[in-house]
Amino acid sequence: MDSTQVDHYDVLIIGAGLSGICSLYHLRKRFPSWRIRVLEAAESVGGTWNWNRYPGARVDSESLSYAFSFDKDLINEWHWKETFAPQSEILRYIERVAEKHDLHKDIKFNTRIKSARWQDFNRSWLFTDESGIQYEAGFFVSCMGFLSTPSLPAIPGIETFKGQAFHTSRWPKNLDISRDFADKRIGVIGTGATGIQTITTVSKEPSVKSVTVFQRTPNWSAPLRNEEISLEKMQEHQKNYDRIFDLCARTPGCFMHSADPRNSLDVTEDERLALWEELYAKPGFSKWLGVFSDTYTNREANKLYSDFMASKIRARLNDPEVADSLIPKNHGFGTRRIPLESGYFETYNRSNVHLVDMQKTPVERITDTGITLTNGTHHELDVLIYATGFDAITGAFSSIEWQGKNGRPLLGSSDTKEGRMAIWLDHRPRTYLGLTINSMPNMFTVLGPHQPFGNAPRTIEHAVAVVSDLLQYCKDNDFTYVEPTPDAVERWTEHVVACSKGHLSNEVDSWMTGVNKNVKGKMVRSVARYSGHAAEYRRRCAECKQNGWAGLKFAQTPRVARP
Ligand code: NA7
């Protein structure tokens, strides 16, 4: 394409999930004269909720806390049918937001960005998509998601399997498990939040012949306790939305649950048990986040609570050996993200559900007909489901070839000369406020590394508000250039690392600590997530703005024509 034909936008947004939709809505409203465009790889809106169509997919945050607060009319008419909405209902909600605000007209679907290059001469980003079409933008907002790049297991022979095989986030759209899984032997690899939802739902399907679960690491999991919400009840809830959003704004992860201020070790055993039993009976993350405040910082406190949870799991299983395999030994309760379940453990009491404990018998390889273990056992399978998670947090960035200022790549490995030029060496993000990156001018991230992830819509709304304010500042002052100073990046990155200290979760391998053994360069832990309190994060963002956007450098030089 002739370079003069490149479409220029004031702002380009990549991704039309919750972050992209929220960004488009607010930026369009704030800057009506600007050309703003969203590029989205999928064929429709929804992001995570569009891609993840596996059976049993549902949200673990209360549905009531999962809507956008900016459209009060819509939340007051929206009837969430269940306390924890299934994927289809959340997707419908996101589609409704997009339709109601006519967002589709500014979104280009089926467009996956392949490369992004900073152009100093006219202070813009030049993007190229997979079909070679280019787009130029003065400012760019990354809304690519932190769990959006699926990761397949690095198991030898994976390409040889002849049956049906798919990753949970690439679930075939028209697959009907009662019809398509009838009389089939299903294998599932992975027992994270996704695997647990998938396994429970597929196992309950009466027509399925058998389900074999390949578990590398057991995960702590606790009852979701989902319920239907009647119309009358929903009308009651609608009066409380302000209170719900206010509550979320005060909790560490923006969920509707906060810790009991007491320490486990300062109360009697009876008092401990009373709180734990009360939380266990409640819906949602209460049993993860409503516990005594030392549960995730004090090893002894964590051990006591883990023992309580282990006894609950044992009581639900018929076979003590299976129970033993399902109870984690190497990490304490809540030190990884807790999957919530609805009958997961009872699943293993069924005669057609089998658990392969890979810590006892590792998988040797995938063959054309199934999976062979190191002890020679071969599991014949018709369908193989990879519930193996994501190249989290930095994964979406890895799939784009970046050239920041002076041609610097964003990601790279210290093993190579070129890699050592990278801004984020060895998958270790360095940011300022989790929103801006040194040597990547005019770029902002929503739900990017170093932000508190927690309850996504709540944290997204805040990040989008900060980015909008920052762009307003640029517009008001004719700034065509914004970039964090190296010093601000250094101090913020140190702060994020300091926040992670003392949390037991940072001593455990998981996507939250940047470990993914299927991805080259992600074998060791890093700090990619803000694990301080979300309110403290917001305070620091507000402080930056009050101090004239301290830590950011701006420039006014007018853009010049392309040479
Ligand atoms: P997770 O939580 O990263 O879980 C992935 C699972 O897949 C986990 O049990 C892994 O075991 C397992 N896995 C990954 N690779 C392999 C191989 N090679 N062999 C066997 N097992 C493997 O992803 P989810 O999709 O479940 O959830 C991600 C988040 O999405 C979740 O926390 C929610 O916030 C929503 P491992 O533990 O690594 O040994």
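Before any of the text, the structure's been laid out above.
Keep in mind the model is a prediction, meaning the values are calculated, not measured. Counting from 1, residues in each chain are numbered in the order their sequence is written. Given that this is a predicted model, residues contribute local features only at a pLDDT of at least 70 and side-chain atom pairs are listed and counted only at 80 or more, while totals for whole chains, interfaces and linings are drawn from all residues.

Engineer: Would you mind going over the site of the ligand with me for this structure?
Structural biologist: Each residue gets a C-beta atom placed from its backbone. If that atom is within 6 Å of a molecule or strand, the residue is near it. Around the ligand sit 20 residues in total, of which Pro153, Gly190, Gly192, Thr194 and Gly389 are the nearest. For helices the rule is a DSSP run of H or I covering at least 4 residues; for strands it is a run of E covering at least 2, with both sets numbered from the N terminus onward. The element best represented in the shell around the ligand is helix α6 (residues 193-204), accounting for 3 residues.

Engineer: How should I be thinking about helix α15 (residues 456-476) in this particular structure?
Structural biologist: Every α-helix winds through 3.6 residues per turn, so residues three or four apart in the chain are directed the same way. Between its first and last C-alpha atoms α15 spans 30 Å; for 21 residues at 1.5 Å apiece the expected length is 30 Å, and the two agree. Once α15 finishes, Asp478 follows within two positions and takes phi at roughly 55°, a positive value. The span you would expect from a helix comes to 1.5 Å times its residue count less one.

Engineer: Honestly, the sheet that holds strand β8 (residues 185-189) in this entry has me stumped. Any pointers?
Structural biologist: Within a beta sheet, neighbouring strands are joined by backbone hydrogen bonds and run either parallel or antiparallel to one another. Pairing between strands requires that DSSP locate at least two bridges from one strand to the other. The strand order across the open sheet formed by 5 strands is β7-β16-β8-β9-β12, and the pairing between neighbours is parallel. The sheet is open, and its two edges are formed by β7 (164-167) and β12 (353-357), each paired on a single side. This sheet shows a mean twist of 15° between the axes of neighbouring strands, independent of strand direction. When β8 meets strand β16 (residues 383-386), the two strands line up parallel, connected through 4 bridges. Following the sheet pairing, Ile189 is matched in β16 by Tyr386. To define axes, lines are fitted to C-alpha atoms, for helices over the stretch in contact only, and angles between the resulting N-to-C directions are given on a 0 to 180 degree scale.

Engineer: Any chance you could explain the environment of Asn298 here in plain terms?
Structural biologist: Considering the arrangement of structural elements, one finds Asn298 in the loop between α10 (286-289) and α11 (299-316). Overall, the presence of 17 C-beta atoms within 10 Å leaves Asn298 in the partly exposed class. Between the C-alpha atoms of Asn298 and Glu232, which are 66 residues apart in sequence, the distance is 43 Å. Exposure classification rests on a simple neighbour count of other C-beta atoms within 10 Å of a residue's own: a residue reaching 20 or more is buried, one at 12 or fewer is exposed, and one in between is partly exposed. C-beta atoms are placed from the backbone.

Engineer: Is there a simple way to think about helix α17 (residues 534-546) in this case?
Structural biologist: Counted at 1.5 Å a residue, the expected span for α17 with its 13 residues is 18 Å, and the 18 Å between its end C-alpha atoms agrees. What α17 keeps buried is the set Ala534, Tyr537, Cys541 and Cys544. Relative to the axis of α17, the buried residues are bounded by an arc of 80° and lie together on one face. Turned more than 90 degrees away from the buried face of α17 sit Arg539, Glu543 and Gln546, all of them exposed. In this fold, the buried residues of α17 make contact with α15. The arc under discussion is defined with respect to the helix axis, by the directions toward the C-beta atoms. The contact criterion used here is simple: two residues whose C-beta atoms, placed from the backbone, lie within 7 Å are in contact.

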